[in-house]
Amino acid sequence: MSITVALAGNPNSGKTTLFNRLTGSSQKVGNWPGVTIDRKEGEIKELGATVVDLPGIYSLSPYSPEEIVSRDYLLYDDPDVVVNIVDATNMERNLYLTTQILDMGIPTVIALNMMDEVEKQGSKIDIEELSRILGCKVVGISALKGDGMDELIETLKSVPEKPKPIRLAKASENTIGKISKVLEGDVSEDKLRWFAVKVLEKDELAIERIGDLWNDVTGFIEELEEADDDESDSIVASERYDAIGEIVSKVLVSNKVPGELTVSDKIDKIVTSKWLGLPIFAGVMFVVYYISITTIGGWGTDWVNDVFFAEMVIPGVESYLESIDVAPLLVAFVVDGLLAGVGAVLGFLPQMAVLFLLLVILEDTGYMARIAFIMDRVFRRFGLSGKSFIPLLIGTGCGVPGIMASRTIESERDRKITAMTTTFVPCSAKLPIIALIAGAWFDKSALVALASYFIGILAVLISGIILKKWPSLTGTPSEFIMELPPYRTPGPVAVVKSALEKVWSFVKKAGTFIMLACGIIWFLSAFDWSLTLVDDINDSILANLGNAVTWIFVPLGWGTEWQFTVGTITGLLAKENVIGTFGVLFGYADIAETGEDIWGIISSMVTPVAGFSFLVFNLLCAPCFAAIGAMRRELGSWKATGAAVLYQTMLAYAVSMIIYQIGVLAIYGTFGLWTVISFITVAVMAYILISKDPFGQYRKRATEVAI
Amino acid sequence: MNLATILVGLGVAAFLIAAAYFTIKDFRTGGCASCKNRDKCSKKR
């Protein structure tokens, strides 16, 4: 018979790591809370059991959508067994959820995770005694190292007994008994105690569930509150913690001297300090980009472009096709279209691979969780909470899961603003654009990438101020409480595996979608409207189409070159397309053969300021279609999504225009109508940022419509 | 048109059709990242 095993535990207790161990899958894990935002299913082959990984929760009184996912699953989907993962290095807090799970009456096994770290601290946990007190089986494991997996699976082979709930003080137990009597028949026998306790805690969802019976139990609750002179939920929480304190004192022999700082605490004193936190973060990101763009990754990219494609692939394929007498048009399509486009994109693969590797290491050590903590201070000043930074961190990989991660934010206003702004932070698909601009005009300086990263964060902050003033998005930021995980040495296998997955995903996209797009771009750039081959690319269909709209971007400095406009538009399908398009239009294959540099050709077309303006526009404008689709899901309507895309594109246009116009004024002394318009735009933006109610007229209109 | 051109042309066409198929499939599911059946699916990205 197949059984269902639910994995439940606090955020960052290692549920997904255990899930991956048990099922052999490779779900995204991270050393920060909130990585899992929806439940995931897998199979434990040894047991023939379905295992469900639930989002992390601190208690069964949920506040955010992903916490509701966990609670509803445990309540209504009736799993056969719950494996409650408890972080053994922080038992007091983790057992709070355990006491609530035990109330639910579901057969439970406690997986005491991170036992290796407990041992490293010199502490000991009496697992047998803990098992006896909790009335359920307890298995010590290390999900990261794979210790204790066999024992856990062996334990799950026999479905455990239903556990005994942890008893509260006598007065509370009496009240729970009275409430249970009232609820008998209305809720199932198994869940009776759990509902009674939740009703005693005045849990809104439980009160809603019992309907009119609430009136019959309020007297009992008031009686308890009067006797204890406290709110009932505080009474229950306090008694739970008392019980937990007693349990921990019985089972944990700690070697830790009270008040002594751990290594993590000592590091945190420096890296999260008020004054050093941000400069250290900027320094770390500079080093990351320096290694991935300028040095190791850059050398790799040079080799792939100059040797692998220029000397091996492109001449090899071309000469082979010519040797077997393939028609020149087909050779041109394969070499100048498909290979040139995909080659231009894949040329950046070494830089991306190094960047992926370094970011995974930063995530796994626990440093990225500190960044969210540091950024909370900054974000709060701008009306956003540090919770908004977690989606931004995830968005550095891909905007789609980044936008989806915004659902961990309780406040609807914060959630919407975060979903609308997550894609401002450069995702991995935008990295080749950054590397291209850095290589073409700025001698592969890591500062270009660093500037891109911080321009993205700045755009989020500015948008936080602007959008929170919009009538439908006003409100105070969500509270941000985040437990900082201890620093951990990342597992080399897990790090390499995670980075390779990202690399493979990029290669696959280049080999499918980008290649297809490059084929179409080549066709449109090789023929005119009468479908005759053109000698000059400027006579092609694509040049005609590009020239029809390129004037829009003239104030941004690069609208004079239709290739840049075409690259930007094809980038809406996928940001890598910007590079693929450039590869085809600037003759990556020809350049590779002649030993020239694609960067040299591109940089000769527009000034460095225009190049930077092009980069900023592509960083901030409407994201790719996949990300727009994710935004639609999180914002709930096409109208709101359209407004978000319009906002992003308008902001990108304004910022790029200001950068270009004021840049050329400062560097070349060029002054014109667009310089004046740029200054007016700066003034308008400053007014919106400073004014308390810049959209008052819209608010008034909205109120009138409502009346 | 010689045989080599026909064979290479057919090969390239087949490759592009496969690329189009996988691209459309990804777009229709919104990419695996947002798919609820991601864990049950053997073809996940």
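Residues numbered from 1 in each chain as written. Chains lettered and ligands numbered in written order. Predicted model: local features only at pLDDT ≥ 70, side-chain atom pairs only at ≥ 80, totals over all residues. Heavy atoms only, no water.

Concerning the overall build of chain B
Reasoning step 1: In terms of helices and strands, chain B carries 1 helix and 0 strands.
Reasoning step 2: Counting across all 45 residues of chain B, residues that qualify as buried make up 29%.
Reasoning step 3: Carbon and sulfur atoms make up 67% of the accessible area of chain B, which amounts to about 3,200 Å² in all. (Helix = DSSP H or I, 4+ residues; strand = E, 2+ residues; numbered from the N terminus. Buried < 20%, exposed > 50% of the residue type's maximum accessible area, 1.4 Å probe, protein only. Areas by Shrake-Rupley, 256 points an atom, 1.4 Å probe, with all protein chains shown as cover.)

Some details on the overall build of chain A
Reasoning step 1: Within chain A, the regular secondary structure consists of 33 helices and 8 strands.
Reasoning step 2: A globule of 707 residues ought to have a C-alpha radius of gyration of about 27 Å, and chain A, at 29 Å, matches this closely.
Reasoning step 3: In terms of overall dimensions, chain A has a C-alpha envelope of 90 × 65 × 50 Å along the principal axes.
Reasoning step 4: For chain A, buried positions account for 57% of its 707 residues.
Reasoning step 5: The contacts in chain A between residues at least 6 apart in sequence include a share of 73% that link residues at least 24 apart.
Reasoning step 6: Surface summary for chain A: the accessible area is close to 29,400 Å², and the carbon and sulfur share equals 61%.
Reasoning step 7: Between the mean site of the 57 positive side-chain charges and the mean site of the 81 negative ones, chain A shows a separation of 5 Å. (Rg over C-alpha atoms; globule rule 2.2 N^0.38 Å. Contact = heavy atoms within 4.5 Å. Lys, Arg positive; Asp, Glu negative; His and termini not counted. Charge placed at Lys NZ, Arg CZ, Asp CG, Glu CD.)

Notes on the sheet that holds strand S7 (residues 137-140) of chain A
Residue and element names in this part refer to chain A.
Reasoning step 1: The mixed open sheet is built from 6 strands, whose spatial order is S2-S3-S1-S4-S5-S7. Both edges of this open sheet fall to strand S2 (40-44) and S7, since each of them pairs with a single strand only. On average, each strand axis in the sheet is tilted by 25° relative to the strand beside it, whichever way the strands run.
Reasoning step 2: Direction of pairing for strand S1 (residues 4-9) relative to strand S4 (residues 81-87): parallel, over a ladder of 5 bridges. (Pairing = 2+ DSSP bridges. Axes fitted to C-alpha atoms, helices over the stretch in contact; angles between N-to-C directions.)

Considering a negative patch on the surface
Reasoning step 1: Residues Asp 228, Asp 229, Asp 230 and Asp 233 of chain A make up a contiguous surface patch of negative charge.
Reasoning step 2: For Asp 229 of chain A, the position within the fold is in the loop between helix H10 (213-228) and helix H11 (232-251). (Patch = residues over 30% accessible without salt bridge, like charges linked within 9 Å, V, L, I, M, F, W, Y side chains within 5 Å. Salt bridge = Lys/Arg side-chain N within 4 Å of Asp/Glu carboxyl O.)

What about the packing of aromatic side chains?
Two aromatic rings are characterised by how far apart their centres lie and by the angle between their planes.
Residue and element names in this part refer to chain A.
Reasoning step 1: Summed over all chains, the structure comprises 25 aromatic pairs over all chains.
Reasoning step 2: Measuring from centroid to centroid gives 5.2 Å for Phe 333 and Trp 522, while their planes differ by 70°, and the two rings are edge-to-face. Taken together, the residues Phe 333 in helix H15 (residues 328-346) and Trp 522 in helix H23 (residues 492-526) connect sequence positions 189 residues apart. By the burial criterion, Phe 333 is buried, and Trp 522 matches it.
Reasoning step 3: Taking 6.3 Å as the distance between ring centres and 80° as the angle between the ring planes, the aromatic pair formed by Phe 442 and Phe 612 counts as edge-to-face. With a gap of 170 residues between them, Phe 442 in the loop between helix H21 (431-441) and helix H22 (446-468) and Phe 612 in helix H29 (residues 608-620) connect regions that are remote in the sequence.
Reasoning step 4: By relative accessible area, which is 17% here, Phe 612 ends up buried.
Reasoning step 5: Here the aromatic cluster, defined as three or more aromatic residues joined through ring pairs, consists of Phe 553, Trp 558, Phe 564, Phe 582, Phe 586, Phe 614, Phe 617 and Tyr 653.
Reasoning step 6: Its end group placed over the ring of Phe 195, Arg 209 keeps NZ or CZ at 5.4 Å from the ring centre.
Reasoning step 7: Lying across the ring of Tyr 487, Arg 370 places its NZ or CZ 3.9 Å from the centre. (Phe/Tyr/Trp six-rings, centres within 6.5 Å; stacked < 30°, edge-to-face > 60°. Lys NZ or Arg CZ within 6 Å of the ring centre and 35° of its normal.)

A look at unusual backbone geometry
As a rule of thumb, non-glycine residues mostly have phi less than zero, and peptide bonds are mostly trans rather than cis.
Residue and element names in this part refer to chain A.
Reasoning step 1: In this structure, Met 114 is a non-glycine residue whose phi angle is positive, near 65°.
Reasoning step 2: Within the fold, Met 114 resides in the loop between strand S5 (108-113) and helix H4 (115-120).
Reasoning step 3: One non-glycine residue, Asp 229, lies in the positive phi region at around 55°.
Reasoning step 4: For Asp 229, a relative accessible area of 71% puts it in the exposed group.

Some thoughts on the pattern of salt bridges
Residue and element names in this part refer to chain A.
Reasoning step 1: Enumeration over the complete set of coordinates arrives at 21 salt bridges over all chains.
Reasoning step 2: With a shortest N-O distance of 3.4 Å, Lys 178 and Glu 223 are connected by a salt bridge. Within this pair, whereas Lys 178 is found in helix H7 (residues 170-183), its partner Glu 223 is found in helix H10, the two being separated by 45 residues in sequence.
Reasoning step 3: For Glu 223, a relative accessible area of 48% translates into the label partly exposed.
Reasoning step 4: Salt bridges sharing partners connect three or more residues here, namely Asp 103, Arg 167, Glu 173, Arg 193, Lys 198, Glu 201 and Arg 240.

Regarding the packing of helix H3 (residues 91-103) of chain A against H11 of chain A
All names here are of chain A.
Reasoning step 1: Where H3 contacts H11, the axes come no closer than 9 Å and their chain directions differ by 115°. Crossing of H3 over H11 shows right-handed handedness. Of the residues in H11, those in contact with Met 91, Glu 92, Leu 95, Tyr 96, Thr 99, Gln 100 and Asp 103 of H3 are Ala 237, Arg 240, Tyr 241, Ile 244, Ile 247, Val 248 and Val 251.
Reasoning step 2: When its residues are assigned to classes, the contact of H3 with H11 shows 9 nonpolar, 2 polar and 3 charged. (Left-handed = near helix turned anticlockwise from the far one by under 90°. Nonpolar A, V, L, I, M, F, W, Y, C, P; charged D, E, K, R; others polar.)

With respect to the domain arrangement of chain A
All names here are of chain A.
Reasoning step 1: For chain A, the domain assignment lists domain 1 (4-157) and domain 2 (170-253).
Reasoning step 2: Averaged C-alpha coordinates put domain 1 and domain 2 at centres separated by 24 Å.
Reasoning step 3: Facing the 25 residues of domain 1 at the interface are 22 residues of domain 2.
Reasoning step 4: Of the roughly 2,200 Å² buried between domain 1 and domain 2, counting both surfaces, carbon and sulfur atoms make up 63%. (Domains from an automatic or database assignment. Buried area = accessible area lost by both parts, 1.4 Å probe.)

As for the nonpolar core
All names here are of chain A.
Reasoning step 1: Counting 143 residues, the largest nonpolar core has Phe 281, Tyr 289, Phe 379, Phe 389, Ile 457 and Phe 564 as the members making the most contacts within it.
Reasoning step 2: By residue number, the principal contributor to this core is H15, which donates 13 residues.
Reasoning step 3: Setting aside anything within four residues of it in sequence, one finds Tyr 289 in contact with Thr 294, Leu 355, Leu 431, Ala 446, Ala 449, Leu 450 and Tyr 453.
Reasoning step 4: Of all hydrophobic cores here, the second largest spans 34 residues; its members include Val 52, Ile 57, Phe 195 and Val 236. (Core = buried A, V, L, I, M, F, W, Y, C linked by side-chain atoms within 4.5 Å.)

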